[in-house]
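Listed below, chain by chain, are the residues.
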Amino acid sequence: MAATPTQDLPPKGGYAPVNFTRIPARSYFNGYQLFAGFGVVSAVACYMYYKTYSLVRREDIEMRSGRLAVEPLLLAERDREFLKQIRRNRDEEARLMANVEGWEVGTYHGERIYKTIPSERFIDPVINEYFAHGPSKAYTDNAFFSLFS
Amino acid sequence: MFTKDFPLPTEEELTVQEINTCEEQNNEYMLCRKEEKDPRKCLDEGKAVTACSLNFFRKIKKSCLEEFSQYANCLDKSSRDMEYKYCRNTQAIYDKCVLDNLGLERPDFGYFCEPKIVDSKRPKPIEEPLSFPDAPEPLPELPVGGEARYGSRKFWFQ
């Protein structure tokens, strides 16, 4: 009949033997050495960190010292300007509410804002009130200083 | 808010020409500010502080202007925060100049971070101890004003 079909047979004499014994990975350090290495690296890093942190703290002290030295000058100027602005606000309010009946400057139709404290006491104005008469950009820039500076 | 009768200083009292060691004046001013908690009561001390600082700047301007402006320029442009560590060279030159001309040494490291005890001539303000009466005092009657024309008085409702 037709030629014999070719078959995928094993080679003559059979396959070569397969080596299935375990070959473990080559280890360079044992467990104790690894822990020791970790300790050494940690110690060196700790020393470097200590040195750097001391330096950072010294720099912080210097910077803080410089800022505290300048602080009274800046505060003095700021306080004077603050009081000037309060006076300007009060005058502006007097001008605005001149024709309103029963209005006293700094009160709500004659009623005091803080009723139980003595009237000589200085209470800081609310920030909306402090910037009420100017452009709103002044309010946003100053009230949200860290966002817009 | 501040009524008509509320004592505020006038414009003349507040207008001061603006900018040696100024340590005494600075300490006095900060003590006043902390104790009185009222900017109106510390105006004299504040003026002393500004006057002292301006005198110092005048002295520097006469003798050490070059070094001062170079140091300031370096601090300004070297880092975001005006850190001192990037400007040691200019600082050395400036310190030498100030020591030669004005006889002022740079204060010790961390000098201004130390707490200071200020012996001030001004008497300490008396703090009244809190009083706790038996029954709360009744609030005064509200004046007859009608309804609120613009809604709530709370300032955060715009």
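If you're wondering where the values come from, they're calculated on a predicted model, not measured in any experiment.

Draft legend 1. Molecular detail of the overall build of chain A. When its secondary structure is counted, chain A shows four helices and zero strands. What you see in chain A, going N to C, is helices and strands ordered as α-α-α-α. Looking at the 149 residues of chain A, the share that counts as buried comes to 18%. In chain A, 38% of the contacts between residues at least 6 apart in sequence involve partners at least 24 apart. Element-wise, carbon and sulfur atoms account for 61% of the exposed surface of chain A, whose accessible area totals about 12200 Å². Here chain A carries 19 positive and 18 negative side-chain charges, and the mean point of each set is 14 Å from the other.

Draft legend 2. View of the state of the cysteines. All names here are of chain B. The final tally for this structure, using the stated rule, is four disulfides over all chains. What pairs with cysteine 22 in a disulfide is cysteine 52, and their sulfur atoms sit 2.2 Å apart. An S-S torsion of about -95° defines the bridge between cysteine 22 and cysteine 52 as left-handed. Within this pair, whereas cysteine 22 is found in the loop between α1 (11–14) and α2 (23–36), its partner cysteine 52 is found in helix α3 (residues 43–63), the two being separated by 30 residues in sequence.

Draft legend 3. Summary view of the packing of helix α1 (residues 31–96) of chain A against α2 of chain B. Interhelical geometry of α1 of chain A versus α2 of chain B gives an angle of 60° and a closest axis separation of 10 Å. When the axis of α1 of chain A is compared with that of α2 of chain B, the two are oblique. Relative to α2 of chain B, α1 of chain A is oriented so that their crossing is left-handed. Along the contact surface, α1 of chain A presents Ala69, Glu71, Pro72, Leu75, Ala76, Arg78 and Asp79 of chain A, while α2 of chain B presents Asn26, Tyr29, Met30 and Arg33 of chain B. Partitioning the contact of α1 of chain A with α2 of chain B into residue classes produces six nonpolar, one polar and four charged.

Draft legend 4. Examining the pattern of salt bridges more closely. Using the criterion set out here, one finds 17 salt bridges over all chains in the structure. One salt bridge connects aspartate 141 of chain A with lysine 137 of chain A, and the closest N-O pair in it is separated by 2.7 Å. One end of the pair, aspartate 141 of chain A, and the other, lysine 137 of chain A, are both in helix α3 (residues 136–143), four residues apart, so they sit about a helical turn from each other. The class of lysine 137 of chain A is exposed, set by a relative accessible area of 56%. The closest approach of N and O atoms between arginine 122 of chain B and glutamate 36 of chain B, which form a salt bridge, is 2.9 Å.

Draft legend 5. Molecular detail of the packing of aromatic side chains. A complete count under the given rule lists 14 aromatic pairs over all chains for this structure. One aromatic cluster is present, formed by Phe82, Phe122, Tyr130, Phe131, Tyr139 and Phe144 of chain A together with Phe2 and Phe6 of chain B through successive ring pairs.

Draft legend 6. Summary view of unusual backbone geometry. All names here are of chain A. Despite not being glycine, histidine 109 shows a phi value in the positive range, around 50°. Within the secondary structure, histidine 109 sits in the loop between α1 and α2 (127–130). Among the residues examined, histidine 109 registers a relative accessible area of 34% and is labelled partly exposed.

Draft legend 7. Seen up close, the interface of chain A and chain B. The interface of chain A with chain B comprises 45 residues on the first partner and 45 residues on the second. Together chain A and chain B conceal approximately 4300 Å² of surface at their shared face, both sides included; 64% is due to carbon and sulfur atoms. Area buried by chain A at its contact with chain B is led by Glu62, Arg80 and Phe122 of chain A, which between them contribute 16% of it. Our enumeration of links across chain A and chain B arrives at three salt bridges. Note that arginine 33 of chain B and aspartate 79 of chain A form a salt bridge whose closest N and O atoms lie 2.9 Å from each other. Residue assignment for the side of chain A that touches chain B shows that the elements contributing at least two residues are α1 and α2 of chain A. With 27 residues, the top contributor of residues to the side of chain A that touches chain B is α1 of chain A.

Draft legend 8. Main features of the confidence of the model for chain A. For chain A, per-residue confidence averages 92 on the pLDDT scale, and residues scoring 70 or more make up 98% of the total. Within chain A, the lowest mean pLDDT, 80, falls on helix α4 (residues 145–148) of chain A, and the highest, 96, falls on α1 of chain A.

Draft legend 9. A look at the packing of helix α4 (residues 65–78) of chain B against helix α5 (residues 88–101) of chain B. Residues and elements named next belong to chain B. Remark: α4 packs on α5, axes separated minimally by 9 Å, with the N-to-C direction vectors making an angle of 150°. Here α4 is positioned roughly antiparallel relative to α5, judged by the angle of their axes. As α4 packs across α5, the resulting crossing turns out to be left-handed. Contacts between α4 and α5 involve Glu67, Phe68, Gln70, Tyr71 and Cys74 from the first element and Thr90, Gln91, Ile93, Tyr94 and Cys97 from the second. Its residues assigned to classes, the contact of α4 with α5 comprises six nonpolar, three polar and one charged.

Draft legend 10. Expanded view of the side chain of arginine 122 of chain B. Residues and elements named next belong to chain B. Within the fold, arginine 122 resides in the segment after α5. Polar contacts involving the side chain of arginine 122 include one to the side chain of glutamate 35, which spans 3.2 Å. Excluding residues within four positions of it along the chain, arginine 122 makes contact with Leu31, Cys32, Glu35, Glu36 and Glu45.

Conventions adopted
- Residues numbered from 1 in each chain as written.
- Chains lettered and ligands numbered in written order.
- Predicted model: local features only at pLDDT ≥ 70, side-chain atom pairs only at ≥ 80, totals over all residues.
- Heavy atoms only, no water.
- Helix = DSSP H or I, 4+ residues; strand = E, 2+ residues; numbered from the N terminus.
- Buried < 20%, exposed > 50% of the residue type's maximum accessible area, 1.4 Å probe, protein only.
- Contact = heavy atoms within 4.5 Å.
- Areas by Shrake-Rupley, 256 points an atom, 1.4 Å probe, with all protein chains shown as cover.
- Lys, Arg positive; Asp, Glu negative; His and termini not counted.
- Charge placed at Lys NZ, Arg CZ, Asp CG, Glu CD.
- Disulfide = S-S within 2.5 Å.
- Axes fitted to C-alpha atoms, helices over the stretch in contact; angles between N-to-C directions.
- Parallel < 35°, antiparallel > 145°, perpendicular 65-115°, else oblique.
- Left-handed = near helix turned anticlockwise from the far one by under 90°.
- Nonpolar A, V, L, I, M, F, W, Y, C, P; charged D, E, K, R; others polar.
- Salt bridge = Lys/Arg side-chain N within 4 Å of Asp/Glu carboxyl O.
- Phe/Tyr/Trp six-rings, centres within 6.5 Å; stacked < 30°, edge-to-face > 60°.
- Buried area = accessible area lost by both parts, 1.4 Å probe.
- pLDDT = per-residue confidence, 0-100.
- Polar contact = N/O pair within 3.5 Å; in protein donor to acceptor, adjacent residues only side chain to side chain.

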